[in-house]
Amino acid sequence: MPMRERNKEEYISYMERQKGRTMEGRKKIGLVLEGGGMRGIYTAGILDVFMDHGIRFDGVIGVSAGAVHGCSFIAGQRGRNIRYYKKYCNDRRFMSFWNLITTGDIAAEKFCYHELPERLEPYDYEAFERSDTEFYVGCSNLETGKAEYIKLTDMKGQIDCLRASASLPYVSRIVRAEGMKLLDGGCTDSIPVKAFMRLGFQRDVVILTREKGYRKEPEHTWMARLMYRRYPKFVRAVARRHLVYNKTLEDIEALEKAGRIFVIRPREPLNIGRMEHDPEELQRVYDIGMEDGKRQLADMVSWMEG
């Protein structure tokens, strides 16, 4: 049967066969999720397609919004992220300058990381703990100026690590977790594909939130020098962020050409606001993710079988 005619049951059958193979017989397959603020809802659409077809991975690593959407994928909660993003995008407790002024965080800690997952849109902590997929989040260490790749085994107990990964500089308080001072992982390693390979995931599916050909421009660093003057190594990392990001994109293109990774990216710019408050715009970008996920699913599974 041609790859593109496979149905859901055949995809699940394939994943079960993969799960049953010994690690000596195959390389671990990982999933790498870029962040990007509200662009991450594109990733949520792709991940829901994966869940529709029973696609799983040995490990997942997410940065910033990628980590937020990745944790729902680990728990198998299809549709959870688009549902609560649309429901609360205009709630000032979710993401707003009101939060920044009143709490010091543009995304309120209590609401986003406790009320939402614990009561309003319950996160399935038990499903996360049952999952045999390893989950990592990328954060930036202010004192070293380097990336940290933290393995989460207790989502509720380690929620501050997830929060740190998504805590944007300038508009978030420094997060103290795992004995470190942390902020958004995108400041030091936005797309940690090589780091994940070093962690043992030699073949990776990579979901990007920027179109092919995109390159990051240099950022003004005066605010970083002012706000994080006690952390000069972090300031240097922020100043070099565009260089690191663009080199990572070059590496990704080379790895993709060599067949070592499979990349899913938007075909054109997503053009969504970093703090988008229009539910229809969120749905539009989510739908693009679903379309791209469906379009590339058969080729991805064929690559995973190789």
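Residues numbered from 1 in each chain as written. Predicted model: local features only at pLDDT ≥ 70, side-chain atom pairs only at ≥ 80, totals over all residues. Heavy atoms only, no water.

### What to know about the pattern of salt bridges
Then, in step 1: Going through the model one piece at a time under the given rule, you end up with 20 salt bridges.
Then, in step 2: Put simply, Arg83 and Glu121 hold a salt bridge, and the shortest N to O gap is 3.0 Å. Placement of the pair is Arg83 in helix H4 (residues 80–88) and Glu121 in the loop between helix H6 (109–120) and helix H7 (125–130), with a sequence separation of 38 residues.
Then, in step 3: Take Arg83: its relative accessible area is 42%, and that puts it in the partly exposed class.
Then, in step 4: Given a relative accessible area of 7%, Glu121 falls into the buried group.
Then, in step 5: Of the charged contacts in the structure, one is a salt bridge between Arg93 and Glu115, with a shortest N-O distance of 3.9 Å. Of the two residues, Arg93 is situated in the loop between H4 and helix H5 (97–103) and Glu115 in helix H6; the sequence distance between them amounts to 22 residues. (Salt bridge = Lys/Arg side-chain N within 4 Å of Asp/Glu carboxyl O. Helix = DSSP H or I, 4+ residues; strand = E, 2+ residues; numbered from the N terminus. Buried < 20%, exposed > 50% of the residue type's maximum accessible area, 1.4 Å probe, protein only.)

### Digging into the environment of Leu47
Then, in step 1: Here Leu47 is to be found in helix H2 (residues 40–52).
Then, in step 2: Leu47 gets classed as buried once you look at its relative accessible area, which sits at 2%.
Then, in step 3: In sequence terms Leu47 and Gln158 are 111 residues apart; their C-alpha atoms lie 22 Å from each other.
Then, in step 4: Once residues within four sequence positions are removed from consideration, Leu47 is found in contact with Leu31, Leu33, His69, Gly70, Phe73 and Ile207. (Contact = heavy atoms within 4.5 Å.)

### With respect to the nonpolar core
Then, in step 1: Of all hydrophobic cores here, the largest spans 71 residues; its most connected members are Leu31, Phe50, Phe57, Phe94, Met155 and Met300.
Then, in step 2: Ranked by the residues each element gives to this core, the list is headed by helix H13 (residues 279–305), at nine residues.
Then, in step 3: Non-local contacts of Leu31, meaning those with residues more than four positions away in its chain, are made with Leu47, Phe50, Phe57, Gly59, Val60, Ile61, Phe73, Phe196, Asp204, Val205 and Ile207.
Then, in step 4: Counting 17 residues, the second-largest nonpolar core is a separate cluster that includes Val32, Met197, Tyr245 and Val263. (Core = buried A, V, L, I, M, F, W, Y, C linked by side-chain atoms within 4.5 Å.)

That's the geometry; what it means functionally is another story.
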